[in-house]
Amino acid sequence: MLDLPRPTPTCTSFQTTTEMRCIKCNDRMKLVLIEPRDGKLNLLTYRCNGCAAHESFLKAI
Ligand SMILES: [Zn+2]
């Protein structure tokens, strides 16, 4: 594995979805940003509808 700079992802493997639950308030989170990382990973950023928290996840392409 390459030693990637990781933006403290909460999780590195999860089901492909555009919806997920906020870990803070359990409201729905919406996918707001996808950033490619090194050709093998995408950084997905979700924003919570309830508390406006942001969560980022690394996902294999
Ligand atoms: Zn929330």
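Residues numbered from 1 in each chain as written. Predicted model: local features only at pLDDT ≥ 70, side-chain atom pairs only at ≥ 80, totals over all residues. Heavy atoms only, no water.

A. Layout of the nonpolar core. Judged by nonpolar contacts, M20, C22, M29, L44, Y46, C48, A53 and F57 together constitute the single largest core of 8 residues. With 3 residues, strand 3 (residues 41-48) is the largest single contributor of residues to this core. (Core = buried A, V, L, I, M, F, W, Y, C linked by side-chain atoms within 4.5 Å. Buried < 20%, exposed > 50% of the residue type's maximum accessible area, 1.4 Å probe, protein only. Helix = DSSP H or I, 4+ residues; strand = E, 2+ residues; numbered from the N terminus.)

B. Inspection of unusual backbone geometry at higher detail. A positive phi angle, near 70°, is found at N26, a position not held by glycine. Mapped onto the elements, N26 comes out in the loop between strand 1 (19-21) and strand 2 (28-37). Even without glycine at this site, D38 takes up a positive phi of about 55°. Here D38 lies in the loop between strand 2 and strand 3.

C. Quick peek at the coordination of the zinc ion. For the zinc ion, every protein donor is listed as C22 (SG), C25 (SG), C48 (SG) and C51 (SG), and the spread of their distances is 2.3 Å. If you look at the zinc ion, its 4 donor atoms make angles of 98 to 117° with each other, and the shape they trace is tetrahedral. All donors to the zinc ion come from one chain, and their sequence spacing reads C-x2-C-x22-C-x2-C. Here the residue C22 occupies a position in the loop between strand 1 and strand 2, and C48 occupies one in strand 3, the gap between them amounting to 26 residues. Just as C22 is buried, C48 falls in that class too. (Donors = N, O, S within 2.8 Å, 3.2 Å for Na, K, Ca; no water. Tetrahedral: all angles 85-135°; square planar, octahedral: opposite > 155°, others 65-115°.)

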